[in-house]
Amino acid sequence: CTDPAWRYGPRQESLATVPAGGWTITWTIPWTITTSSVSQVVTNNGDLEAYPYVTITAGASGCSNPYIENVTSGKAFRFYGLTLAANDVLVIDFDARTAVLNGVTNVIGYRTFDSSIWTLLQGANTVKIGADSGSATAKLSFAPQLVGV
C-alpha cells in the first residue's frame, strides 16, 4: 500500500541543548549517556506516528550494549554483545530498519530477541537512552508526518 503521509520537510539535523525540565522539541535532541540512562520528553506534533533516527557516538572510553526505549509505548531496541570503541558512531534508522556502525558495518544482528522497531506516538513520548557501560552522546531526530495536502 502507498504511504499516505507527507513528511514535514527534511528531517531536522540542527542540534538543541536540552535543559532540565524539557521542552516541546521537533528537531535533533542530543543526550550524553553514561552507564546509567538519560530520559527526555520528545513531542511528536505530526498527524501520525513518526520513526526516529538515532545517532549514538561513543565517548572516550567507548560503551557497550547501548539501547533506546520509548517508555511511553513500552517498546525498546537493545543491543547485546556490541561494544563501541572511542568515537565509534552507531546509526539506528527505525524507518529503514537498519543499525550501522561507522557507516559500514551492519550490526542489526546484535539486537536482543525482545527488541522492537518503534515509533514516536502522537504527542509527548518519554524516550530513554542508555548503555551497560562506558559513555556516549546520542541524538534523536524525526520528521513529523502529516496527512492531507
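Note that the structure is a prediction, hence the values are computed from the model and not measured. Along each chain, residues carry numbers from 1 onward, in the same order as the chain's sequence is written. The predicted origin of the model limits local features to residues at a pLDDT of at least 70 and limits the giving and counting of side-chain atom pairs to 80 or more, whereas totals for whole chains, interfaces and linings rest on all residues. With hydrogens and water set aside, each side-chain value is computed from the structure's full complement of heavy atoms.

K.L.:
Tell me about unusual backbone geometry, and name the residues and values.
P.N.:
As a rule of thumb, non-glycine residues mostly have phi less than zero, and peptide bonds are mostly trans rather than cis. Of note in this structure, Asn87 is not a glycine but carries a positive phi near 70°. Tracing the chain through its elements places Asn87 in the loop between β7 (83-84) and β8 (89-93). On the accessibility criterion, Asn87 (59% relative accessible area) is exposed. One non-glycine residue with positive phi stands out, namely Asn102, at about 55°. Helix and strand assignments follow DSSP, with helices taken as H or I runs no shorter than four residues and strands as E runs no shorter than two, numbered in order from the N terminus. Relative accessibility decides the category of a residue: with a 1.4 Å probe and only protein chains considered, values under 20% of the type maximum give buried, values over 50% give exposed, and everything between is partly exposed.

K.L.:
Give a description of the packing of aromatic side chains that names residues and reports values.
P.N.:
Pairs were defined over the aromatic rings of Phe, Tyr and Trp, the Trp ring being its six-membered one, requiring ring centres within 6.5 Å. Orientation was assigned from the angle between planes: stacked under 30 degrees, edge-to-face over 60, tilted for the rest. Within the structure shown, the criterion is met by three aromatic pairs. Relative to Phe79, the ring of Phe77 lies with its centre 5.3 Å away and its plane at 70°, an arrangement referred to as edge-to-face. With a relative accessible area of 2%, Phe77 lands in the buried category. Taken together, a centroid distance of 4.9 Å and an interplanar angle of 45° make the contact between Phe94 and Trp118 tilted. One end of the pair, Phe94, is in the loop between β8 and β9 (98-101); the other, Trp118, is in the loop between β10 (105-106) and β11 (123-130), and 24 residues separate them in sequence. Residue Trp118 is classed as buried on the basis of its relative accessible area, which comes to 1%. Ring pairing ties together the aromatic residues Phe77, Phe79, Phe94 and Trp118, which thus form one cluster. A cation sits over an aromatic face here: Arg78 above Tyr67, 4.6 Å from the ring centre. Counting as a charge over the ring demands two things of the Lys NZ or Arg CZ atom: a distance within 6 Å of the ring centre and an angle within 35 degrees of the ring normal.

K.L.:
Run through the pattern of salt bridges, naming residues and quoting values.
P.N.:
Between Lys or Arg on one side and Asp or Glu on the other, a salt bridge is scored when a side-chain nitrogen of the former is within 4 Å of a carboxyl oxygen of the latter. Tallied over the entire structure, the rule returns two salt bridges. In this structure, Arg78 engages Glu69 in a salt bridge whose closest nitrogen and oxygen atoms are separated by 3.5 Å. For the salt bridge of Lys128 with Glu69, the shortest nitrogen-to-oxygen distance reads 3.8 Å. Note that Lys128 is positioned in strand β11 and Glu69 in strand β5 (residues 67-70), a separation of 59 residues in sequence. Salt bridges linked by common partners bring Glu69, Arg78 and Lys128 together as one network.

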